[in-house]
Amino acid sequence: MPLFQKAAFSKTVADLRDLPTDSQCEVAFAGRSNAGKSSAINTLANHTRLAFVSKTPGRTQHLNYFALEPGKYFVDLPGYGFAKAPEEIRSQWEGLLAPYLRHRNALCGLVLIMDSRHPLTELDLQMFAWFAPTGKPIHVLLTKADKLTRQQQTLVFREVQEVLGTIGENFSLQMFSSLQKSGVKEAEAILGDWLDLPLRDEPAPPSGLASEKKARPKKRGAIGWSARSGSATKSH
């Protein structure tokens, strides 16, 4: 079962005074609008509509909390590519987002979402450079990797790694595709470590007579080959 399978919507926060008081550890998701942030959260939670996917930039205007375990949360932050939003709303978002990222003690790390086809935008670099001095880790998801060839993925990965390495050291990076559900295990390992959530072991194969029969394919294969070659004796 996926590590974050139990994720469920908890609350929407429009004022810092309403932040959950029981929170022990939070992982925040930030990214330029339409970079695939909501889709990434849904994929990690193995849920189709946990986080609302919108084609309208700036749809997420508040901090949306999703409970994973008691006291542990994913936090969906407002998309920071909201040039089309009214100035009043942008000011409201900045007044909420900046203090949260700078002063929220329960925040244990930031997941920065970048569209792998258009990484390292000015807003991406601003977010990275602004958050890095907090000393908290940043994990970059290069989303929509299914849109690139293997060679393109390698080139993009190296380019982003090199650029971010000049800004800070406390970061990790991976390719990710919500469509193909690729990169989920890698992300689970990193975020699970941040949240102190142990990875769930894969179920062991069933024991007993049924599995014992499956454990002897070579003998059946040898008999079949012998019969086809005409060397097997017929039973009476």
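Definitions and cut-offs
One numbering rule holds for all chains: residues counted from 1, following each sequence as written. Where totals are concerned, whole chains, interfaces and linings use all residues; where local detail is concerned, this predicted model gives features only for residues with pLDDT of at least 70, and gives and counts side-chain atom pairs only at 80 or more. To get the side-chain values, take all heavy atoms of the structure and skip hydrogens and water. The numbering of helices and of strands both runs from the N terminus, where a helix is a DSSP run of H or I of at least 4 residues and a strand a run of E of at least 2. Only protein chains enter the area calculation, which uses a 1.4 Å probe; residues under 20% of their type maximum are buried, those over 50% are exposed, and those in between are partly exposed. The method behind every accessible area is Shrake-Rupley, applied with a 1.4 Å probe, and residues are considered shielded solely by the protein chains displayed. Note on definitions: a residue-residue contact is assigned when non-hydrogen atoms from the two residues lie within 4.5 Å. Stacked, tilted and edge-to-face are the three classes assigned to paired rings of Phe, Tyr and Trp, where Trp is represented by its six-membered ring and a pair needs centres within 6.5 Å; plane angles under 30 degrees give stacked, over 60 edge-to-face, the rest tilted. Strands pair, by our definition, only if DSSP identifies at least two bridges between them. Axis definition: a line fitted to C-alpha atoms, limited for helices to the stretch in contact. Angles are taken between N-to-C directions and run from 0 to 180 degrees. By convention, a crossover is right-handed whenever its connection, traced from the first strand over the helix to the second and viewed with the strands pointing away, goes clockwise. Throughout this description, the term salt bridge denotes a Lys or Arg side-chain nitrogen within 4 Å of a carboxyl oxygen of Asp or Glu.

### Some thoughts on the overall build of the protein chain
Then step 1. Helix and strand counts for the protein chain come out as seven helices and seven strands.
Then step 2. Mapped in sequence order, the helices and strands of the protein chain form the string β-β-α-β-β-α-β-α-β-α-β-α-α-α.
Then step 3. A burial count over the protein chain gives 43% of its 236 residues as buried.
Then step 4. When the accessible surface of the protein chain is summed, it comes to about 13600 Å², and 53% of that surface belongs to carbon and sulfur atoms.

### Concerning the environment of Asn46
Then step 1. Residue position: Asn46 is located in the loop between α1 (37–44) and β3 (63–69).
Then step 2. On the basis of relative accessible area, Asn46 is assigned to the partly exposed category, the value being 39%.
Then step 3. Expressed as a C-alpha distance, the spacing of Asn46 and Lys181, which sit 135 residues apart in the sequence, is 9.2 Å.
Then step 4. In this structure, Asn46 is in contact with Pro2 and Gln5, ignoring residues within four places of it in sequence.

### Structural notes on the packing of aromatic side chains
Then step 1. Tallying each qualifying case throughout the model produces five aromatic pairs.
Then step 2. Where Phe9 meets Phe66, the ring centres are 5.9 Å apart and the plane angle is 70 degrees; that geometry is what we call edge-to-face. Taken as a pair, Phe9 in strand β1 (residues 8–13) and Phe66 in strand β3 lie far apart in primary sequence, 57 residues in all.
Then step 3. Residue Phe9 is classed as partly exposed on the basis of its relative accessible area of 49%.
Then step 4. Look at Phe128 and Phe171: their rings are 5.8 Å apart centre to centre, the planes differ by 75 degrees, and that puts the pair in the edge-to-face class. Residue Phe128 is located in helix α3 (residues 122–131), and its partner Phe171 is located in strand β7 (residues 171–175); the two are separated by 43 residues in the primary sequence.
Then step 5. Judged by relative accessible area, which is 1%, Phe128 ranks as buried.
Then step 6. Within the aromatic cluster, the residues linked to one another by ring pairs are Phe4, Phe29 and Phe74.

### Section: the sheet that holds β7
Then step 1. Read across the sheet, seven strands follow the order β1-β3-β4-β2-β5-β6-β7 without closing on themselves; strand pairing throughout is mixed. On the outer flanks of this sheet lie β1 and β7, each paired with one strand and no other. The average angle at which neighbouring strand axes cross in this sheet is 25 degrees, direction not considered.
Then step 2. Judged from the five bridges that link them, β3 and strand β4 (residues 72–76) form a sheet pairing that is antiparallel.

### Topic: the pairing of β7
Then step 1. Sheet analysis places strand β6 (residues 138–143) next to β7, joined by five bridges and oriented parallel. Among the inter-strand pairings, Ile138 is bridged to a residue of β7, identified as Phe171.
Then step 2. Following the backbone out of β6, through helix α4 (residues 150–165) and into the adjacent parallel β7, one traces a crossover that is right-handed.

### What to know about the pattern of salt bridges
Then step 1. Counted under the stated rule, the structure contains six salt bridges.
Then step 2. Note that Glu26 and Arg104 form a salt bridge whose closest N and O atoms lie 2.6 Å from each other. Remark: Arg104 occurs in the loop between α2 (87–103) and β5 (107–115) and Glu26 occurs in strand β2 (residues 25–31); sequence separation between them is 78 residues. Considered together, Glu26 and Arg104 belong to a single accessibility category, that of buried residues.
Then step 3. The salt bridge partner of Lys185 is Glu188, with a shortest N-O separation of 3.8 Å. Highlighted residues: Lys185 and Glu188, both in helix α5 (residues 184–195), separated by three residues, approximately one helical turn.
Then step 4. The class of Lys185 is exposed, set by a relative accessible area of 52%.
Then step 5. Each of the salt bridges in this network shares a partner with another, and the network as a whole consists of Asp115, Arg117 and Lys144.

### Topic: the pairing of β3
Then step 1. For β3, the buried fraction is high: five of the seven residues fall into the buried class.
Then step 2. Here β1 runs beside β3; their pairing, made up of five bridges, is antiparallel. Residue pairing across strands places Ala8 opposite Ala67, the latter belonging to β3.
Then step 3. In this structure, the hairpin formed by β3 and β4 is closed by a connection of two residues, where Gly71 is found at a positive phi of approximately 80 degrees.

### Observations regarding the environment of Leu77
Then step 1. In this fold, Leu77 is placed in the loop between β4 and α2.
Then step 2. On the accessibility criterion, Leu77 (0% relative accessible area) is buried.
Then step 3. On a C-alpha basis, the gap between Leu77 and Phe29 in space is 5.8 Å, while along the polypeptide they are 48 residues apart.

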